[in-house]
Structure formats: C-alpha cells, structure tokens
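As a plain string of letters, each chain reads:
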Amino acid sequence: MPVISPAFGYNRTRQIMRLKIVQTGEPVLRRAARELTSAEIAEPATRGLIEWMRETMRDAPGVGLAAPQVGVGLRLAVIEDREDFLRALDPAVLAEREREPVSFQVLINPRITSRSAEEAEFFEGCLSVAGYSALVRRSRRVEVECLDEEGRPRRIEASGWYARILQHEIDHLDGTLYLDRMEPRSFTTTENLTRHWGSMPVASVREALGLKG
Ligand code: ZN
C-alpha cells in the first residue's frame, strides 16, 4: 500500500537499492504465491530479498510490499508505517483511520486466523495500481500467524490501519488486489482523491457518489 502523502524525512542521499514494482496486469499479481520452507528462510538470497523489499517500500514510499509485487511468487511481505509519514498527515484523518506507527516487520507464510465481523471503510491504494485509490471495506481487527525473518513463529493482533495493511498484503499472496474488493464507483485518481474526497468523512463520500448507507 502507498502512503497517502509524500514521505518526509526519508534519507534520499544514500544509495537506494530499489526493485521494480510490477503493475496490475502482470500475471504474478494474480497467482497464489507459495510458502517458503525453513531452509529457504535461512538462505542469504531470502535475506537479501527482504532487505531490497524494505528499501523499495521505503523509497516508493509505501507502508507494505508483498513479494509478488516485485515479481517473486513467495508468501513474504514487509510492512512499516513510519512515524515521519504520519507526522505529515492531518491528525483528524489519522484518528478516523485508527492509524498509528507500525515498526518494520517481515511476514513469512502469514495466515489470518481470525477477523472481526465489524468492518471499516476507507480509501486505499496499491503500489501495483499506481496513481489510483478506492473505498475498500475491511475487517477492523485481525489476528495473523506468521514466521519472522528468523523463521520464528509470531502471532499478531492488529486493529485499525495496521489490520488493513495486513489484510491488503496477505491478499497479494493470494493473487487478490484491492480492485476485487473496492466500491467501484469510488475508484479515483490520487489527484482527484486529494482534490475532492480525501478529507471528507466516508459517509459524505458515499452520499456524494450516490452509494447507499
Ligand atoms: Zn498492494
């Protein structure tokens, strides 16, 4: 997922290791990725991939990146919602989205083990659908089981924007894009999101778009 506004504070003077982020229409984005074995997790190539994905995500800038987005069909994703991104956003928008900093983390073979019936709907975007956003309804809380970069089991309980990021990235590992879950009438360029919809409560957006409830 991209951040909503440009990154401030990311050090662009150092050399950036950047992978190509593939765009919608690339078949790898529509295939279910496969799990990593414990031997693969320990391989230097996997560690290298994780490092490159972290740098690519930060450079984009984004708050999550799944391996299929860099053309690799493995169940691996990185996420991070940096405090310097959040400082650039309106506090009222952050509060509405329940968006708080999330430290850098690696999700290997993640699975959603539980999700709340309660949902939240906000605009979201994707680095593989660059330049667009749409309203997407997702569970407000999820529990995820995965392995970390050392292959240790991890259980995550997440709510708010963190839960949204997890659902978005895990969707990528199943070949699902937000396009499959979005409210089609809300699909917008990022430019028009900023111009018309970004600061409006979702209920008002729905009303303006002629959507029910
Ligand atoms: Zn995405």
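Below is a summary of the structure that appears in this document.

Here we look at the coordination of the zinc ion
Next up, step 1: Taken together, the protein donors to the zinc ion comprise C126 (SG), H168 (NE2) and H172 (NE2), at separations of 2.0 to 2.3 Å.
Next up, step 2: Each donor residue of the zinc ion lies on the same chain, and together they follow the pattern C-x41-H-x3-H. In this pair, C126 is assigned in the loop between β4 (119-124) and β5 (132-139) and H168 in helix α5 (residues 160-173), connecting sequence segments 42 residues apart.
Next up, step 3: Judged by relative accessible area, which is 2%, H168 ranks as buried.

Things to note about the sheet that holds strand β3 (residues 102-115)
Next up, step 1: With antiparallel pairing, 5 strands are arranged side by side in an open sheet as β1-β2-β3-β6-β7. Each end of this open sheet is capped by a strand with a single partner; those strands are β1 (64-66) and β7 (153-159). Strand-to-strand twist of the sheet, defined as the mean angle between neighbouring strand axes without regard to direction, takes the value 40°.
Next up, step 2: Here 7 bridges tie strand β6 (residues 141-147) to β7, and the two strands are oriented antiparallel to one another. Following the sheet pairing, L147 is matched in β7 by P153.
Next up, step 3: Across the sheet, helix α2 (residues 44-59) lies against β1, β2 (76-81) and β3, angled at about 40° from β2, the strand it touches most.

Some details on the pairing of β5
Next up, step 1: Extensive coverage of β5 is indicated by the burial of 6 of its 8 residues.
Next up, step 2: Pairing of β4 with β5, which is carried by 6 bridges, proceeds in the antiparallel orientation. Residue pairing for β5: A120 is matched across the bridge by R138.
Next up, step 3: Sheet topology note: the β5/strand β8 (residues 188-189) ladder contains 2 bridges and is antiparallel. Across the sheet, Y132 pairs through a bridge with T189, a residue of β8.

Concerning the packing of aromatic side chains
Next up, step 1: Applying the stated criterion across every chain yields a total of 2 aromatic pairs.
Next up, step 2: Here F122 and W161 contribute two aromatic rings whose centre-to-centre distance is 6.0 Å and whose plane-to-plane angle is 55°, an arrangement assigned as tilted. Of the two residues, F122 sits in strand β4 while W161 sits in helix α5, which places them 39 residues apart along the sequence.

Considering the environment of Q105
Next up, step 1: Relative to the helices and strands, Q105 is located in strand β3.
Next up, step 2: Measuring from C-alpha to C-alpha, the distance between Q105 and V78 comes to 5.8 Å, with 27 residues separating the pair along the chain.
Next up, step 3: With residues up to four places along the chain from it excluded, the contact list for Q105 reads A77, V78, I79, R154, I156 and Y162.
Next up, step 4: Of the polar contacts made by the side chain of Q105, one reaches the side chain of Y162; its length is 2.7 Å.

About the thresholds
Starting from 1, residues in each chain are numbered consecutively following that chain's sequence as written. Since the coordinates come from a predicted model, pLDDT governs what is reported: local features require at least 70, and pairs of side-chain atoms require 80 or more to be given and counted, while whole-chain, interface and lining totals use all residues. With hydrogens and water stripped out, all remaining heavy atoms of the structure feed into the side-chain values. For Na, K and Ca the donor cut-off is 3.2 Å, while for other metals it is 2.8 Å, and in both cases only N, O and S atoms qualify; water is not among them, so sites may look incomplete. A run of H or I in DSSP becomes a helix once it reaches four residues, and a run of E becomes a strand once it reaches two; helices and strands are each numbered from the N terminus. Buried residues are those whose accessible area, probed at 1.4 Å on protein chains only, stays under 20% of the maximum for their type, while exposed residues exceed 50% and partly exposed ones sit between those limits. Two strands qualify as a pair provided that DSSP identifies no fewer than 2 bridges between them. Throughout, an axis means a line fitted to C-alpha atoms (over the contacting stretch in the case of helices), and angles, computed between N-to-C directions, take values from 0 to 180 degrees. Whether two residues are in contact is decided by their heavy atoms: any pair within 4.5 Å suffices. Note on aromatic pairs: the rings of Phe, Tyr and Trp (six-membered ring only in Trp) are paired at centre separations within 6.5 Å, and the planes decide the class, stacked below 30 degrees, edge-to-face beyond 60, tilted for the rest. Any pair of N or O atoms that falls within 3.5 Å is considered a polar contact. Within protein, one atom must be able to donate a hydrogen and the other to accept it, and sequence-neighbouring residues count only if both atoms are side-chain atoms.

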